[in-house]
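Listed here are the chains, written in short residue letters.
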Amino acid sequence: MSSLSTRPADGADGRARSEAGTGSSPGARRAPRRFLKGFGLLGPRHGAHTVPAVQLDALALPLGDDGVVIGVDAEGRPAVLGVNRPTPYDVVLIAGLWTAQVIALRAAATGARVAVETGRPQAWVQLVHAMGGGQNGLAVYNVGRVPPQGASAGTPVLVVRDCGMRPPRGRVASGPWQSVLTLLPYLSPVAPRLMRQARLTGVQRVSPDEAAELGRVLALSRTETESLPSLADGMTLWCADRDRQYVMTQPTDGETGLLGTPRRMD
């Protein structure tokens, strides 16, 4: 029986034991401790609840940044794109429509509202239907027609600009809790300016000439530059300042049924 037993005592013997528990002599038994609300739980009381200090590293949890899981890195770990931020955040993605649509779907699934500005609304209509007709997180607008989104910490917004090779200046810019992702199908004359203004740039498979230009603009290593013309479908090289990360976007079954398999060409 544990010394912390709280079983009540009976009669005189019980009273005597109770009084003995309140005595101040060194040999007197201590009264049962009371649990005070708000002060947490007692620590482990059994050997099975403890581990040696040398094993603490085994308890590490694979936690990363908060955001949208856009694929896995070279080590197979989740790669996260943090688009919900209290500060303006611009992303340039030189890639196929498939990757931008997967990011839009996953951003909406995390609770963000997604506003798509596009000159090809027919390419996005299936996503609108899948999301409940534009009432549940994803809406499509013509180029230059995106209204103010009213972004806030409770309702963050991702604006996807799918406006071709030379996107015009958008009416809705990045701001607190509102990120902007600009999709470019290829390296266009306006791409260097957009990449210099962006916080993050993603690049999928491009031609050798485009790879050489991107290598200069993004200060890529020779190995990274030479890899761009041979990237597999679904593979993206993400660049932020001096950080580089290859990410493979793997669709879920639902995404495959809606969008098909990964592809670079639209």
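Residues numbered from 1 in each chain as written. Predicted model: local features only at pLDDT ≥ 70, side-chain atom pairs only at ≥ 80, totals over all residues. Heavy atoms only, no water.

Regarding the overall build of the protein chain
When helices and strands are counted, the protein chain shows seven helices and 10 strands. Burial status across the protein chain gives 38% buried among its 266 residues. Long-range contacts, defined as pairs at least 24 residues apart, comprise 61% of the intrachain contacts of the protein chain with a sequence gap of at least 6. Carbon and sulfur atoms form 54% of the exposed surface of the protein chain, whose accessible area is close to 15,900 Å². (Helix = DSSP H or I, 4+ residues; strand = E, 2+ residues; numbered from the N terminus. Buried < 20%, exposed > 50% of the residue type's maximum accessible area, 1.4 Å probe, protein only. Contact = heavy atoms within 4.5 Å. Areas by Shrake-Rupley, 256 points an atom, 1.4 Å probe, with all protein chains shown as cover.)

Details of unusual backbone geometry
A positive phi angle, close to 55°, is found at A219, a residue other than glycine. With phi around 55°, D241 is a residue other than glycine that occupies positive phi space. Here D241 lies in the loop between β9 (235-240) and β10 (243-248). Judged by relative accessible area, which is 73%, D241 ranks as exposed.

Digging into a nonpolar patch on the surface
A contiguous nonpolar surface patch, about 270 Å² in accessible area, is contributed by M165, Y186 and M265. Mapped onto the elements of the fold, M265 is located in the segment after α7 (253-259). (Patch = residues over 30% accessible without salt bridge, like charges linked within 9 Å, V, L, I, M, F, W, Y side chains within 5 Å. Salt bridge = Lys/Arg side-chain N within 4 Å of Asp/Glu carboxyl O.)

Focus: the side chain of T225
Summarising the element assignment, T225 is placed in helix α6 (residues 222-227). Overall, the relative accessible area of 17% leaves T225 in the buried class.

Examining the environment of T236
Checked against the element boundaries, T236 lands in strand β9. What makes T236 buried here is its relative accessible area of 1%. Note: C-alpha distance between T236 and A95 (141 residues apart in sequence) is 8.0 Å. Excluding anything up to four places from it in sequence, T236 contacts L93, T99, G202, V203, Q204, Q245, Y246 and V247.

Notes on the pattern of salt bridges
The full count for this structure, using the stated rule, is 10 salt bridges. For E213, the salt bridge identified is with R216, shortest N-O distance 2.7 Å. Remark: R216 and E213 occur in helix α5 (residues 208-218); sequence separation between them is three residues, near one turn of the helix.

A short note on the packing of aromatic side chains
Within this structure, the stated rule accounts for zero aromatic pairs. Directly above the ring of Y89 sits R85, whose terminal nitrogen or CZ lies 3.9 Å from the centroid. (Phe/Tyr/Trp six-rings, centres within 6.5 Å; stacked < 30°, edge-to-face > 60°. Lys NZ or Arg CZ within 6 Å of the ring centre and 35° of its normal.)

So, the confidence of the model for the protein chain
Looking at the protein chain as a whole, its pLDDT mean stands at 84, while 77% of the residues score no less than 70. Across residues 1-24, confidence stays below pLDDT 50; counting only partners more than four residues off in sequence or on other chains, it has 12 contacts. (pLDDT = per-residue confidence, 0-100.)

Brief notes about helix α2 (residues 97-109)
With 13 residues, α2 extends 18 Å between its outermost C-alpha atoms, agreeing within 8% with the 18 Å of an ideal straight helix rising 1.5 Å per residue. Considered for burial, the residues of α2 that qualify are L97, W98, T99, A100, Q101, V102, I103, A104, L105, R106, A107 and A108. Two residues or fewer past α2, G111 is found with a positive phi of approximately 110°. (Expected span 1.5 Å × (residues − 1).)

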